[in-house]
Amino acid sequence: MAHAVEIKDLHKSFGDLEVLKGIDFTVDQGQVVCIIGPSGSGKSTLLRCVNLLEQPSKGTVRVGGVELTDPDVDIDAARRRLGMVFQSFNLFPHMSVLQNVMISQRRVLKRGKGDAERIARDNLEKVGVADKCDAFPPQLSGGQQQRVAIARALAMDPDLMLFDEPTSALDPELVGDVLSVMRKLARDGMTMLVVTHEMSFAREVADRVVFMDGGVVVEEGPPEQVIGAPRHERTRTFLRRVLDPTHSDDDVSGAGETSAQAR
Amino acid sequence: MTDQPITAEPAGPAGPAPGGSRLSPRKRQRISRGVQYVILILALVAVVLLTNWKNLAENFARFDVAAQAFPELFTVALKNTIIYTVGGFVFGSLGGLLLALMRLSSVRPYRWIAVIYIEIFRGLPALLIFLLVFFLPSAFPGFEVPGGTYGQGILGLTIVSAAYMAETLRAGLQAVPKGQMEAARSLGMSHARAMVSVVIPQAIRIVIPPTTNQFVALLKDSSLVLFLGVTSQYVELTKFGNDLASTTANATPIMVVGLTYLLVTIPLGYLAGRLEKRQAKGR
């Protein structure tokens, strides 16, 4: 069976700046893969290459057996199978919540109004914002907006969901709502590729964690290995900084591990 | 009027004590303000004394002449002004949107065409364009602008407003965050579909306040229809006022027409300001 996502020798440069320097990895059907790493490591760019929001400079991206990097591929058709959730939500501010979730069902999948509305309401229910159908995005909290964005992606019945730091723009007390929706999705068997800084989420939900730094995959494996017992010094340094920012300069190699367990 | 403050100037330094004084800033401010009021009052007194009020009223504010302007002032002149302006605005907006999209196109010749059009027609006086429209039939024998005089007037205003609208709409399109296009594309929409459903509606919302101001400018430019040599049923406000002023040998109709313009432009300007404020709050 084809991998859900298969990335081979992926390179991406912006002008002279090489952001991705040859990435290889795969995601299998039903897997949750979390990508972690310092900012500027290329993890968001990698995610955006998976649905071709960024055109890779070199290499191939296959999703569900279809090569997206093939210039002749119908990219709009391919993207229908991929849901994307952005850090900044990117809801359409001129439409109500319900319209946000219906618009591409209607215009892209050509679903009838009744069907589209029913599916929209089901998905909004699933993410816990069913009572906000008639509100406009600017009236919602960040957490609510992000959950609507997830519902909007789910309404397209994607095979794969991409999350680009979905909780980074949220107030701390709202992060939990979004993560619990994502946890539920994972439990229901959705294939997910998640760029995140939420280590406890990665630890609990991910089947595999990929640590990136400087445009390459430094180490990958099950979360208890990559987060719990990292083999590379760079991974250890990063985790120490993320998990215990106040003591990031302390030269204790085991600090990351202990505080990760403390969480 | 301009020499008034200068003649009154000597009174100024006489008020506040010259530099290095021990006056407190507050006192100095009060004196300065007092001097400004004195100048103003002197100027007003001079205007009142020097103006020949009777003569002025005879020429600019004769009620019997003003009465002659009705009801055609509203039923013909204002109506036509609005027809020309709204027509020019609608077609200008469509043309402007097309030019703005061309300007942002990835096809280079489209960008060139848009830039050339915009630069030319923003750089020319609107009057010149009306004169060109007037001579169009002699350049293309047998050609007639559809819609007759209305068509000509609207064409002139369309050519002008399309150039301005193009720049406004381009700015509006570019002001829509990039994430909106990305989100729409991620949902499987084509570029065109994303523009129509997501980007353009937001761009239009963004440009409503500046466009209201452009509508006011266009309303004033519609006075240039005067140069198309229109017949009485097609006259707009300015020509209407000018004609009546000639027949009555009195400037009152021009004042009346001026007030009629203000009747429309001031509320619109106020509306634009409110829309702008509301938008600033919404962001």
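Small disclaimer: the values here were computed from a predicted structure and weren't measured.

Undergrad: Just checking my understanding: could you explain the overall build of chain A for this structure?
TA: Scanning chain A from N- to C-terminus turns up ten helices and ten strands. For 263 residues, the compact-globule formula gives about 18 Å, and the C-alpha radius of gyration of chain A, at 19 Å, lands near that figure. The dimensions of chain A, computed from C-alpha atoms along their principal axes, are 60 × 45 × 35 Å. When each of the 263 residues of chain A is scored for burial, the buried share is 54%.

Undergrad: Please explain the interface of chain A and chain B as it appears in this structure.
TA: Contacts between chain A and chain B engage 23 residues on the former and 17 residues on the latter. Carbon and sulfur atoms supply 59% of the area that chain A and chain B bury against each other, a total of about 1,600 Å² over both sides. Contact with chain B buries area across many residues of chain A, yet Asp76, Phe92 and His94 of chain A alone supply 32% of it, more than any other trio. Applying the counting rule to chain A against chain B returns two salt bridges. Ionic pairing is found between Arg185 of chain B and Asp76 of chain A, a salt bridge with its closest N-O pair at 3.1 Å. When contributions to the side of chain A that touches chain B are tallied by element, the ones reaching two or more residues are helix H2 (75-79), strand S6 (82-85), helix H3 (97-107) and helix H5 (142-154) of chain A. For the side of chain A that touches chain B, the residue count by class is 13 nonpolar, four polar and six charged.

Undergrad: Honestly, unusual backbone geometry in this entry has me stumped. Any pointers?
TA: In terms of backbone geometry, most residues other than glycine have negative phi values and most peptide bonds are trans. All names here are of chain A. Here Asp9, not a glycine, exhibits a phi torsion of approximately 50 degrees, which is positive. Relative to the helices and strands, Asp9 is located in strand S1 (residues 5-14). Overall, the relative accessible area of 31% leaves Asp9 in the partly exposed class. Its identity is not glycine, yet Asn90 carries a phi of approximately 55 degrees, on the positive side. On the secondary structure map, Asn90 appears in the loop between S6 and H3.

Undergrad: Can you walk me through empty space enclosed by the protein in this structure?
TA: Empty space among the atoms can be located by rolling a probe the size of a water molecule over them. All names here are of chain A. Going through the model one piece at a time under the given rule, you end up with one cavity of 30 Å³ or more. Taken as a whole, the largest cavity holds about 40 Å³ of empty space. Surrounding the largest cavity, Lys126, Val127, Leu154, Val181, Lys184, Leu185 and Asp188 form its lining. Among the residues making up the lining of the largest cavity, the classes are represented as four nonpolar, no polar and three charged.

Undergrad: It is not clear to me how the layout of surface pockets should be interpreted in this structure. Could you clarify?
TA: Residues and elements named next belong to chain B. Computed from the structure, the second largest pocket encloses a volume of approximately 630 Å³. Lining the second largest pocket are 20 residues, and of these Lys178, Met181, His191, Met195 and Val199 lie nearest its centre. For the lining of the second largest pocket, the residue count by class is eleven nonpolar, four polar and five charged.

Undergrad: Just checking my understanding: could you explain the confidence of the model for chain A for this structure?
TA: Any region with low pLDDT has predicted coordinates that should not be read closely. Overall, the prediction assigns chain A a mean pLDDT of 90, with 94% of residues at 70 or greater. Residue range residues 252-263 of chain A is modelled with pLDDT below 50. Its contacts to residues more than four positions away, or to other chains, number 13 contacts.

Undergrad: Hey, could you run me through the pairing of S1 of chain A in this one?
TA: Each regular strand displays side chains that alternate between the two surfaces of the sheet. Residues and elements named next belong to chain A. Where S1 lies against strand S2 (residues 17-27), eight bridges are found, and the strand directions are antiparallel. What sits directly across from Ile7, in S2, is Phe25. For S1 and strand S4 (residues 58-63), the ladder comprises five bridges, and the chain directions are antiparallel. Pairing of Val5 across the sheet is with Val63, part of S4.

Undergrad: Honestly, a positive patch on the surface in this entry has me stumped. Any pointers?
TA: Residues and elements named next belong to chain A. On the surface, a cluster of positive charge is contributed by Arg106, Arg107, Lys110 and Lys113. One can find Lys110 in the loop between H3 and helix H4 (113-126). Note on Lys110: relative accessible area 64%, which makes it exposed.

Undergrad: Please explain the sheet that holds strand S8 (residues 191-195) of chain A as it appears in this structure.
TA: Hydrogen bonds between backbone atoms are what pair the strands of a sheet, whose relative direction is either parallel or antiparallel. Residues and elements named next belong to chain A. With mixed pairing, the six strands of this open sheet are ordered in space as S6-S7-S8-S3-S9-S10. In this open sheet, the two strands that pair with only one neighbour each are S6 and strand S10 (216-221). Across this sheet, the average inter-strand angle for adjacent strands is 15 degrees, counted without regard to direction. Relative to strand S9 (residues 208-213), strand S3 (residues 32-36) runs parallel, the two sharing four bridges.

Undergrad: Please clarify how the side chain of Gln146 of chain A should be interpreted in this entry.
TA: All names here are of chain A. Its location among the elements puts Gln146 in helix H5. Using a relative accessible area of 0% as the deciding quantity, one classes Gln146 as buried. Excluding residues within four positions of it along the chain, Gln146 makes contact with Val85, Phe86, Gln87, Phe89, Pro166 and Val178.

Undergrad: Is there a simple way to explain helix H10 (residues 178-186) of chain B in this structure?
TA: Spacing of three or four residues puts side chains on the same side of an α-helix, whose turn is 3.6 residues. Residues and elements named next belong to chain B. Counting buried positions along H10 gives eight out of nine residues, so the element sits mostly inside the fold. When H10 is considered as a whole, its buried residues turn out to be Gly179, Gln180, Met181, Glu182, Ala183, Ala184, Arg185 and Ser186. Once H10 finishes, Gly188 follows within two positions and takes phi at roughly 95 degrees, a positive value.

Undergrad: Whenever I open this one, the environment of Arg236 of chain A confuses me. Can you help?
TA: Residues and elements named next belong to chain A. Examined against the element boundaries, Arg236 turns out to sit in helix H9 (residues 233-243). For Arg236, a relative accessible area of 24% corresponds to the partly exposed category. Separated by ten residues in the primary sequence, Arg236 and Val226 have C-alpha atoms spaced 9.0 Å apart. At 2.9 Å, the side chain of Arg236 and the backbone oxygen of Pro230 are in polar contact.

Undergrad: Any chance you could explain the confidence of the model for chain B here in plain terms?
TA: Residues and elements named next belong to chain B. With 92% of its residues at a pLDDT of 70 or more, chain B shows a mean pLDDT of 86. Considering each helix and strand of chain B separately, the mean pLDDT is smallest for helix H1 (residues 3-8), with a value of 45, and largest for H10, with 96. The low-confidence segment residues 1-14 (pLDDT under 50) makes nine contacts with residues lying over four places distant or belonging to another chain. Listed scores for the predicted complex are pTM 0.80 and ipTM 0.89.

The rules we used
Residues numbered from 1 in each chain as written. Chains lettered and ligands numbered in written order. Predicted model: local features only at pLDDT ≥ 70, side-chain atom pairs only at ≥ 80, totals over all residues. Heavy atoms only, no water. Helix = DSSP H or I, 4+ residues; strand = E, 2+ residues; numbered from the N terminus. Rg over C-alpha atoms; globule rule 2.2 N^0.38 Å. Buried < 20%, exposed > 50% of the residue type's maximum accessible area, 1.4 Å probe, protein only. Contact = heavy atoms within 4.5 Å. Buried area = accessible area lost by both parts, 1.4 Å probe. Salt bridge = Lys/Arg side-chain N within 4 Å of Asp/Glu carboxyl O. Nonpolar A, V, L, I, M, F, W, Y, C, P; charged D, E, K, R; others polar. 1 Å grid on protein atoms, 1.4 Å probe; cavity = no way out; pocket = protein on both sides within 12 Å on 5 of 7 lines; lining within 4 Å. Points joined across faces, edges and corners; volume = space filled by probe spheres on them. pLDDT = per-residue confidence, 0-100. Pairing = 2+ DSSP bridges. Patch = residues over 30% accessible without salt bridge, like charges linked within 9 Å, V, L, I, M, F, W, Y side chains within 5 Å. Areas by Shrake-Rupley, 256 points an atom, 1.4 Å probe, with all protein chains shown as cover. Lys, Arg positive; Asp, Glu negative; His and termini not counted. Charge placed at Lys NZ, Arg CZ, Asp CG, Glu CD. Axes fitted to C-alpha atoms, helices over the stretch in contact; angles between N-to-C directions. Polar contact = N/O pair within 3.5 Å; in protein donor to acceptor, adjacent residues only side chain to side chain.

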